[in-house]
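# Breakdown of the fold
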Amino acid sequence: VEIVEQIKKVMNFLDSYSSFSNKVLLDKSIDSIFQTFRLYPIEEIFVGFNGGKDAVAVTFLTLMALQRFVCFQLDIAWPAERITVEMETMYYDLKKELNFLYLEIDKEFPEVIEFIKTVKDSEKIKIVSAKGDIKSSLEKLINEGKKVKAVILGVRKGDPYTDELETFTPSSNNWPPFMRVFPILRWNYYEVWEYLIHFNFPYCKLYDQGYTSLGNTENTIPNPHLYDKENDIYQKPWKLKDPNLERAGRIKSKMQGKSQTNYASQITLTLKYLAEATSFSQGRLYSKFKTSEPAFQALNLYTLNPADPSFGACSPSSNFGYTFSLSFSILITDLVKLFIKLHEQPVVGFALSFT
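Before going further, it helps to spend a moment on the overall build of the chain. A count of helical and extended segments in the chain gives 11 helices and 10 strands. When each of the 355 residues of the chain is scored for burial, the buried share is 50%. Intrachain contacts of the chain at a sequence separation of at least 6 include 71% that bridge at least 24 residues. Carbon and sulfur atoms form 50% of the exposed surface of the chain, whose accessible area is close to 17,500 Å².

Here the focus is the sheet that holds strand E1 (residues 45-48). Pairing is mixed in the open sheet, where 6 strands are placed in the order E3-E2-E1-E4-E6-E5. Looking at strand neighbours, the two that pair on one side only are strand E3 (126-131) and strand E5 (168-170), the edges of this open sheet. Sheet twist, expressed as the average angle between the axes of neighbouring strands with direction ignored, equals 30 degrees. Where strand E4 (residues 150-152) meets strand E6 (residues 179-181), 3 bridges bridge the pair, whose relative direction is parallel. If you follow Ile152 over to E6, its bridge partner there is Val181. Packed onto the sheet, helix H3 (residues 53-73) meets E1, strand E2 (99-104) and E4 and runs at close to 145 degrees relative to E1.

Our next topic: the environment of Ser137. Checked against the element boundaries, Ser137 lands in helix H6 (residues 134-143). Take Ser137: its relative accessible area is 1%, and that puts it in the buried class. Residues Ser137 and Leu101 lie 36 residues apart in sequence; the distance between their C-alpha atoms is 9.4 Å. Residues contacting Ser137, with those up to four places away along its chain left out, are Leu103, Ala130, Lys131 and Gly132. A polar contact is formed between the side chain of Ser137 and the backbone oxygen of Lys131, at a distance of 3.3 Å.

The biggest cluster of nonpolar side chains holds 65 residues, and the ones touching the most others in it are Leu26, Phe37, Phe49, Leu61, Phe100, Tyr195 and Leu196. It is H3 that provides the largest number of residues to this core, a total of 13 residues. Not counting the four nearest positions on each side in its chain, Tyr195 is found in contact with Phe20, Leu26, Ala57, Phe60, Leu61, Met64, Trp187 and Phe201. Membership of the second largest hydrophobic core comes to 13 residues, among which are Val128, Ala130, Leu138 and Leu141.

What follows covers unusual backbone geometry. Cis peptide bonds are those with omega within 30 degrees of zero, and the linkage from Trp78 to Pro79 qualifies with 0 degrees. Residues other than glycine seldom take positive phi values, yet Asn200 does so here, at roughly 60 degrees. Examined against the element boundaries, Asn200 turns out to sit in the loop between helix H7 (189-198) and strand E7 (227-228).

A separate point is the confidence of the model for the chain. Across the chain, pLDDT averages 76, with 66% of residues at or above 70. Note on residues 253-337: pLDDT under 50 across the span, and 167 contacts to partners over four residues away in sequence or across chains. Scored below 50 in pLDDT, residues 339-355 makes 50 contacts in the model with residues more than four places away or belonging to other chains.

Right, let's get into the environment of Lys236. By the secondary structure assignment, Lys236 is in the loop between strand E8 (233-234) and helix H8 (263-276). Exposure remark for Lys236: the relative accessible area of 36% places this residue in the partly exposed category. Between the C-alpha atoms of Lys236 and Gly210, which are 26 residues apart in sequence, the distance is 7.0 Å. Each residue touching Lys236, except ones within four places of it in the same chain, is listed here: Tyr203, Asp208 and Leu226.

The rules behind these values
Residues numbered from 1 in each chain as written. Predicted model: local features only at pLDDT ≥ 70, side-chain atom pairs only at ≥ 80, totals over all residues. Heavy atoms only, no water. Helix = DSSP H or I, 4+ residues; strand = E, 2+ residues; numbered from the N terminus. Buried < 20%, exposed > 50% of the residue type's maximum accessible area, 1.4 Å probe, protein only. Contact = heavy atoms within 4.5 Å. Areas by Shrake-Rupley, 256 points an atom, 1.4 Å probe, with all protein chains shown as cover. Pairing = 2+ DSSP bridges. Axes fitted to C-alpha atoms, helices over the stretch in contact; angles between N-to-C directions. Polar contact = N/O pair within 3.5 Å; in protein donor to acceptor, adjacent residues only side chain to side chain. Core = buried A, V, L, I, M, F, W, Y, C linked by side-chain atoms within 4.5 Å. pLDDT = per-residue confidence, 0-100.

The following block contains the structure:
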């Protein structure tokens, strides 16, 4: 019964195949994974799965490609018109051999952990968990006796360090030798969401709460560009008007010498250190800020560009995180007002220097 239910899921995916608007793009992505299955043993292939939208897209593309591979092995046309016992058995057996790699991170969203478990249970996939970055994790797996011939990853052009990548790109010289496969390398933000929605695939519920890119609980906030002031809600992630703002909810962890990716992130970090310098807890302010639409509206009042000289600069402080130097006095006033509004009580002091 379990085998039948699992194969029916993939066959149901394929019911929507003919109506997908960009079949050329879809077929190329499925084919890249299908060719990976032809070239390498299934048990030596790893699929990166961190719970984010791109990883979800790659996960289900992989399952679709696995169905195609089963049809290829049995000399059946794909998409298959009907399910056979032989197909059921082969698909189920092969899927059990496939490795889905989850890299555990500090400060992970509980919603992401919950979602990964949900997908694991519903799709009956094997999750291999590891701590550390992908390089050290793969090295550890290899040292433990695992064979790693190919790693399928949900990386897209525009992500960091993607300029030189192709769909099939061997690992770098200082890495263990394996083939990196990037099936959605040339997909854009909207195409990822079109795929997930068209095929009715699940995704982490954080994306319904204003998030467009997921890091961890300390460096990610809802994307302010999705906030609908009139209705006091966050729009769906595919409603983002500018795909270049996909990471607008990310906060950089190291500020010195680096411009912020967006103004909202700059203000968030400022408030974070203001909280550290007062008698109020940083956690309370941060969690309240993340769910406070009025705070985002206050941010929208500011039109300064972080690269503007009037915005000032920041430098390390031996006592309190960072010292911010700003020459735009009205910004300081409004920032303090916003801080008071969030806490609904007066600020007791600052450990920051404003000039």
